[in-house]
Structures are given as structure tokens and as C-alpha cells.
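What the coordinates show
Read off the chains here:
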Amino acid sequence: MLKVIVVKDYAELSKKGAEIIANTIKENEKPILGLATGSSPIGTYQELIKMHNEGSLSFKNVSSYNLDEYCGISIEHPQSYYYFMHEQLFNHVDMDEANVHIPSASGQDLEADCKKYNDALHQVEIDLQLLGIGSNGHIGFNEPGTPFDQETFVVKLAEGTRQDNKRFFNSIDEVPTHAMTMGINNIMQAKKILMLISGSGKADTVVRLLSGEITTDFPASILHNHPDCTVIIDEAAYAKIK
Ligand code: GLP
């Protein structure tokens, strides 16, 4: 069962999201967070930075594992998820860089890179995994059709996903064709999952998610089987729910 929280707008979603993450950080001596990129969590990261600046939240003991990373672009590329995470969060809080883990798919041996990241994930238990959702229901970069028992792998991005993410690049040709991502099974191991869904563009996605049908055609549907998954949805994204 998903716990659904409907909020007014993106600002409220970001505040609520940050509050849940801050609680996880405060409740654990050595909190381990699974972090996400995309536009959905940006406001939440800003709220967390605000709490840090006000002195009410420290990331000193936090470790993080990111969901995914594009293949074929360097970490200095402004659209790499490494760059995104530093810009949007890590550079603004007291996070120890040694505790930051982001998939790295820049090596010659992608399979070895995946195994290394997957082995690292098996060493830890993520306290809270933050997720956005692709319009086709992807989580991380687990596109429709990905088996639910999938672990870290290199994925060929769906054409629709490349189109969705084109807005961040100069042209569609610059959007990477592949990415390295935690698999669905890795994501499901987290103790708690928090998904953020915002905007009218996700209204059909929300209808499909909340229909309750569990199918690999819509990867996020597996979250119905997670024991502790909260989904925060703003009114625009919730608009087609009767
Ligand atoms: C990318 C990321 C996902 C993210 C999705 C939705 O594809 N790999 O982790 O959830 O985009 O992004 P947005 O939040 O910008 O809609």
C-alpha cells in the first residue's frame, strides 16, 4: 500500500519532502540516503539547504548513494548527475565528500563499474530512498520492461525519456543514449521510500500509478509492494484522480 499525501503545489511538496528527509537524518546516527536527480527534488534540496543554513540540520554523518548517471558524459558536464548533485545539494551543506556515492559509468568496463556500485549497495541498508518518476513510470532509469529483480545495470534509454530530458541539453543529439542505474531490486531494499510527483505533465502518470496494477510495463507500480513508501503529489499532478 502506498501512503499518498496530496499537497497544494511544488513549494508545499518541497517543504513536506524536506521535512521527511530531515527526520530520517535526525533519527539515525549514521543516516544513509538514496538520492535522486531531475526537477522534482530540486525544491526539496533547497529546503534542506535552508535548514542546514539555519543550523537545524547537519549532513556531517550522512552517506548518500545516487540512483543513476548518464553514460558517455564526464562528471564536469553540467548535465551529469554528479555535477547536478554537487550544484543542487552537496556544495551547500556539510556533507563529507568521502560519503558521497554516485554511479560512475565513465570507465572502459561498464560491467565492472556496475558490479562495483552494486557490491557497494549490498554493503549498506539505505534508510530513505528519494525518487522522482519518469512520465512512462520509470524509477531511476529503470525503463518499462525492466524485470523487478534487476540490480545495477547499464540501460538503453527509452526514446521518450531522451525527449523528456532534451530540455536540459542543446539538442536531442547531445542527450546520452545510455545510463547506469540502480536496479529496481536495489531500490526496493530501502527501508523507506519517498516519491515526489509534481505538475500537470505527470497527471496521467499518477492515474497509472494509483490504479494499483503491478506490471513491469510501468516500473513504479512495484512500489505498491514496498512496506513503507510515501508518495507526495501536488494538486496539478493529482488533477485526473476522481
Ligand atoms: C530522470 C531521472 C529520474 C527522474 C526522472 C523524472 O529520468 N533518471 O530519476 O525521476 O528524470 O524527472 P523530473 O523530476 O525532472 O520529472
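Bear in mind that the values here come from a model prediction, so they are computed numbers and not experimental data.

1. Focus on the overall build of the protein
In terms of helices and strands, the protein carries eight helices and 10 strands. Whereas a compact globule of 242 residues would reach a radius of gyration of roughly 18 Å, the protein reaches 17 Å, a difference of no more than 12%. Expressed along its principal axes, the backbone C-alpha trace of the protein runs to roughly 50 × 45 × 35 Å. For the protein, the residues scored as buried account for 52% of the 242 residues in total.

2. Remarks on the state of the cysteines
For the coordinates displayed, the defined rule picks out zero disulfides. Free cysteine: Cys71, not disulfide-bonded; nearest cysteine sulfur from Cys114 at 7.5 Å.

3. Topic: the packing of helix H1 (residues 10-27) against helix H2 (residues 42-53)
At their nearest, the axes of H1 and H2 sit 8 Å apart, and the two run at 55° to each other. Judged by the inter-axis angle, H1 sits oblique to H2. For the element pair H1 and H2, the recorded crossing hand is right-handed. On H2, the residues touching Tyr10, Leu13, Ser14, Lys15, Gly17, Ala18, Glu19, Ile21 and Ala22 of H1 are Ile42, Gly43, Thr44, Glu47, Leu48 and Met51. Of the residues that constitute the contact of H1 with H2, the class distribution is eight nonpolar, four polar and three charged.

4. A few points about the layout of surface pockets
By volume, the largest pocket amounts to about 650 Å³. Every residue lining the largest pocket is counted, 34 residues in all, and those nearest its centre are Thr37, Gly38, Ser39, Asn165 and Arg167. Breaking the lining of the largest pocket down by element, the ones donating at least two residues are strand E4 (68-70), helix H3 (81-88) and helix H5 (159-165). Residue contributions to the lining of the largest pocket peak at five residues, all from H3. Of the residues that constitute the lining of the largest pocket, the class distribution is 13 nonpolar, 16 polar and five charged.

5. Observations concerning the site of the ligand
Taken together, 13 residues sit near the ligand, with Ser39, Ser40, Asp68, His138 and Lys202 positioned nearest. At 2.5 Å, a side-chain N or O of Ser39 approaches an oxygen atom of the ligand. A distance of 3.2 Å separates an oxygen atom of the ligand from a polar side-chain atom of Arg167. Coverage of the ligand by the protein chains reaches 93% of its 390 Å² of free accessible surface. Among the cavities detected, the one that contains the ligand is the largest pocket. Considered class by class, the residues forming the shell around the ligand number three nonpolar, seven polar and three charged.

6. Overview of the nonpolar core
Judged by nonpolar contacts, the single largest core of 63 residues is most densely connected at Leu48, Phe59, Leu89, Met195, Ile197 and Leu223. Here the element with the most residues in this core is H1; it accounts for six residues. Not counting the four nearest positions on each side in its chain, Leu223 is found in contact with Leu2, Leu131, Met188, Ile193, Met195 and Cys229. The next biggest cluster of nonpolar side chains, apart from the first, holds 10 residues, and it includes Phe153, Val155, Leu157 and Val175.

7. Side note on the sheet that holds strand E7 (residues 153-156)
What the three strands build is an open sheet, ordered E4-E8-E7; its pairing is antiparallel. Every interior strand has two partners, whereas the edge strands, E4 and E7, have only one. In this sheet, neighbouring strand axes are inclined to one another by 25° on average, regardless of whether the strands run parallel or antiparallel. Where E7 and strand E8 (residues 178-181) come together, four bridges link them in antiparallel fashion. Opposite Val155, over in E8, you have Ala179 as the bridge partner.

8. Focus on the environment of Thr37
Structurally, Thr37 can be placed in the loop between strand E2 (32-35) and H2. Along the backbone, Thr37 and Leu157 are 120 residues apart, and their C-alpha atoms lie at a distance of 16 Å. Residues in contact with Thr37, not counting those within four places in the same chain, are Asn66, Asp68, Tyr81, Phe84 and Met85.

9. What about helix H4 (residues 110-122)?
One full turn of an α-helix is made of 3.6 residues, so residues set three or four places apart face in the same direction. Over its 13 residues, H4 extends 18 Å from the first C-alpha to the last, a length consistent with the 18 Å expected when each residue adds 1.5 Å. Turning to H4, its buried residues are Asp113, Cys114, Tyr117, Asn118 and Leu121. Along the axis of H4, the buried positions cluster into a sector of 125°, meaning they face one direction only. Set apart from the buried face of H4 by more than 90 degrees, the exposed residues are Glu111, Lys115, Lys116 and His122. In the core, the buried residues of H4 are packed alongside strand E3 (63-66), strand E5 (100-101), E7, E8 and helix H6 (184-188).

Rules used throughout
Residues numbered from 1 in each chain as written. Predicted model: local features only at pLDDT ≥ 70, side-chain atom pairs only at ≥ 80, totals over all residues. Heavy atoms only, no water. Helix = DSSP H or I, 4+ residues; strand = E, 2+ residues; numbered from the N terminus. Rg over C-alpha atoms; globule rule 2.2 N^0.38 Å. Buried < 20%, exposed > 50% of the residue type's maximum accessible area, 1.4 Å probe, protein only. Disulfide = S-S within 2.5 Å. Axes fitted to C-alpha atoms, helices over the stretch in contact; angles between N-to-C directions. Parallel < 35°, antiparallel > 145°, perpendicular 65-115°, else oblique. Left-handed = near helix turned anticlockwise from the far one by under 90°. Contact = heavy atoms within 4.5 Å. Nonpolar A, V, L, I, M, F, W, Y, C, P; charged D, E, K, R; others polar. 1 Å grid on protein atoms, 1.4 Å probe; cavity = no way out; pocket = protein on both sides within 12 Å on 5 of 7 lines; lining within 4 Å. Points joined across faces, edges and corners; volume = space filled by probe spheres on them. Near = heavy atom within 4 Å. Polar contact = N/O pair within 3.5 Å; in protein donor to acceptor, adjacent residues only side chain to side chain. Areas by Shrake-Rupley, 256 points an atom, 1.4 Å probe, with all protein chains shown as cover. Sits in = over half its atoms within 2 Å of the grid points. Core = buried A, V, L, I, M, F, W, Y, C linked by side-chain atoms within 4.5 Å. Pairing = 2+ DSSP bridges. Expected span 1.5 Å × (residues − 1). Arc of directions from axis to C-beta.

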